[in-house]
There are 4 protein chains.
Amino acid sequence: MSKNKDCLHQGETQIRVRYGETDQMGYCYYGNYAQYFEVGRVEAMRELGMSYKDIENKGFMLPVSTFSVNYKAPALYDDLLTITTRITDLKGVRLCFEYEIKNEENRLLATAETVLVFVDKNTMRPVLPPDDFVTILYSNKPELNAE
Amino acid sequence: MSKNKDCLHQGETQIRVRYGETDQMGYCYYGNYAQYFEVGRVEAMRELGMSYKDIENKGFMLPVSTFSVNYKAPALYDDLLTITTRITDLKGVRLCFEYEIKNEENRLLATAETVLVFVDKNTMRPVLPPDDFVTILYSNKPELNAE
Amino acid sequence: MSKNKDCLHQGETQIRVRYGETDQMGYCYYGNYAQYFEVGRVEAMRELGMSYKDIENKGFMLPVSTFSVNYKAPALYDDLLTITTRITDLKGVRLCFEYEIKNEENRLLATAETVLVFVDKNTMRPVLPPDDFVTILYSNKPELNAE
Amino acid sequence: MSKNKDCLHQGETQIRVRYGETDQMGYCYYGNYAQYFEVGRVEAMRELGMSYKDIENKGFMLPVSTFSVNYKAPALYDDLLTITTRITDLKGVRLCFEYEIKNEENRLLATAETVLVFVDKNTMRPVLPPDDFVTILYSNKPELNAE
């Protein structure tokens, strides 16, 4: 589990570009990156100790509120991509992520940011995250707590 | 609303191939046709008088049980496709559909069949369809009922 | 064809949310909006008089360079969405778009921006857009030219 | 590398169901399995010694000609699926695959078959596979050659 001064948690995961994810330009279609970032944050949270599925089972949902991506170079068919995901902040009901995608030559292909919002499944209203998630998130980052 | 000797209901709808649905061959990716057939049956049911959404709101789900498709010629980017959908049979809990996709030159690109199963949302078990759906389905086909 | 003080061209198109585009939250998955915005700009360009396909046939590609989206309320299954697309600027090799998605109750669900880059298909390098595209784009906007 | 009396090659690969692949039933959408089978055959061919990408680089394409799938039980969000892919036959220009998908409880979720056709990228016509692919395919199966 990675620790980093600038974020609460950092994880890495790999994804191979599927044929069905390419378009007729021969690029990975720009819309498919959203799923890659989803995989990035899901694996980062699993590694942290509380999976996205766990959070849903506790009665929460985490819809995406804002999403921005900067495409620097195309991902191509069969490329094995490395997605670096950082949980950068928890601000009330909002959980903030940053992402980088690199290919096997270590070339930076894309950077992105998303903000997700904790929502109560019953009321469908924004709600503070479960306590144990907060505990895990900050216990993972003792240097920050010490400051 | 179309009537046809060989089926309970027949409908037509049009879909334009999106850029994100092409692959690097320059073809519409074979996996995207499943969504096209979904649109075909959803619009056929809406035209029949009971939408797929109505059926879900009555407490039913309609997962796909079997799906087969025969790709005859590629659909290409920006092609305006015509999907002909036939509801061919209702056998107990199973609802059977057949499909044809043609392009603007009236060339047959694909044929397919699906079987969907009525499932009770609470028990998650196969269940007979709602009575009013059956009534609509057969009242739409007086010639068949008369035979 | 719509004219507007604040943009070079504005178009509207409609999309119905497919079942396969929902996720288990019951929302249209956040990643599927990229295809909706693609349809928005493709139809806006077709209406302008030069389709995206025409531009590819002239030897250009238009990959997306940056994409940001603000999700305000969920799009739901079977919602008939109206996508308003504005071509806001042509800056050298870059073509800028803004989007709004509303549902049938006229509720604003999402806003977004993309920047696309004209690329030469042979050299794979950024290149100025074809002259006739520029002509069409500005002839569509006499008020701006007059300023 | 697996050998099996009933097929030319057998491979296994794993895929985790993404959130964006679920639908509002809470199931993996039926249309997304096509990508899973694609990953299954791509990894089976890579393991065999000639990747799908290699084949495209030699001037061939492999569009899908027929596809049928039998859905037995739903794949759910975050399920880690095991896809078993068998190359069952090479008949002239046609390459035949069979698939099974099981979840972590070893429950069989789906079976499927596809037929792919070797196509020459230049002529866009069906063509016999490259010799070295045939050699690899059969050298992988000495028992069959010996019969």
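To keep things clear, this report deals only with the structure shown in the data block. None of the values given here were measured: they were computed from a predicted structure.

**Some words on the packing of aromatic side chains**
What characterises a pair of aromatic rings is the spacing of the ring centres plus the angle enclosed by the ring planes. By the definition in use, this model includes 58 aromatic pairs over all chains. Ring plane angle 55 degrees and centroid distance 5.7 Å describe the contact between Phe118(C) and Phe133(C), whose orientation is recorded as tilted. You can see Phe118(C) sitting in the loop between strand S7 (108-117) and strand S8 (119-120) and its partner Phe133(C) sitting in helix H3 (residues 131-139), a full 15 residues away along the chain. When sorted by exposure, Phe118(C) lands in the same class as Phe133(C), which is buried. Considering the side-chain rings of Tyr33(D) and Tyr36(D), the 5.8 Å spacing of their centres and the 50 degrees angle between planes classify their relative orientation as tilted. With Tyr33(D) and Tyr36(D) both in helix H1 (residues 33-48) and 3 residues apart, the pair spans about one turn of that helix.

**Observations concerning the relation of the copies chain A and chain C**
In this structure, two copies of a chain are linked by a rotation about an axis accompanied by a shift along it. In screw terms, the move from chain A to chain C is a rotation of 180 degrees and a rise of 0.0 Å along the axis, fitting with an RMSD of 0.0 Å. In short, the pair behaves as if placed about a two-fold rotation axis. Residue Ser68(A) of chain A places its C-alpha closer to the rotation axis than any other residue of that unit, at 2.0 Å. Here 100% of the interface residues in chain A have copies in chain C that are interface residues too; the copies meet face to matching face.

**Quick word on the relation of the copies chain A and chain D**
Once turned by 180 degrees and shifted 0.0 Å along the axis, chain A lies on chain D with an RMSD of 0.0 Å. Looking at the interface residues of chain A, 100% of them are also at the interface in chain D, so both copies use one shared face.

**So, the pattern of salt bridges**
Within the structure shown, the criterion is met by 32 salt bridges over all chains. Across the pair Arg16(D) and Glu43(A) runs a salt bridge whose closest N-O atoms are separated by 3.8 Å. In this pair, Arg16(D) sits in strand S2 (residues 7-16) while Glu43(A) sits in helix H1 (residues 33-48), so the two residues belong to two different chains. A residue is classified by how much of its surface remains accessible, and Glu43(A), at 22% relative accessible area, is partly exposed. Close ionic contact of Arg46(C) with Glu43(C) constitutes a salt bridge, the shortest N to O distance being 3.0 Å. With a gap of 3 residues between them, Arg46(C) and Glu43(C) both fall in helix H1 (residues 33-48), about one helical turn apart. Here the salt bridges share partners, and the residues they tie into one network are Arg16(A), Asp78(A), Glu43(D) and Arg46(D).

The rules we used
- Residues numbered from 1 in each chain as written.
- Chains lettered and ligands numbered in written order.
- Predicted model: local features only at pLDDT ≥ 70, side-chain atom pairs only at ≥ 80, totals over all residues.
- Heavy atoms only, no water.
- Phe/Tyr/Trp six-rings, centres within 6.5 Å; stacked < 30°, edge-to-face > 60°.
- Helix = DSSP H or I, 4+ residues; strand = E, 2+ residues; numbered from the N terminus.
- Buried < 20%, exposed > 50% of the residue type's maximum accessible area, 1.4 Å probe, protein only.
- Least-squares fit on C-alpha atoms with pLDDT ≥ 70 in both.
- Contact = heavy atoms within 4.5 Å.
- Salt bridge = Lys/Arg side-chain N within 4 Å of Asp/Glu carboxyl O.

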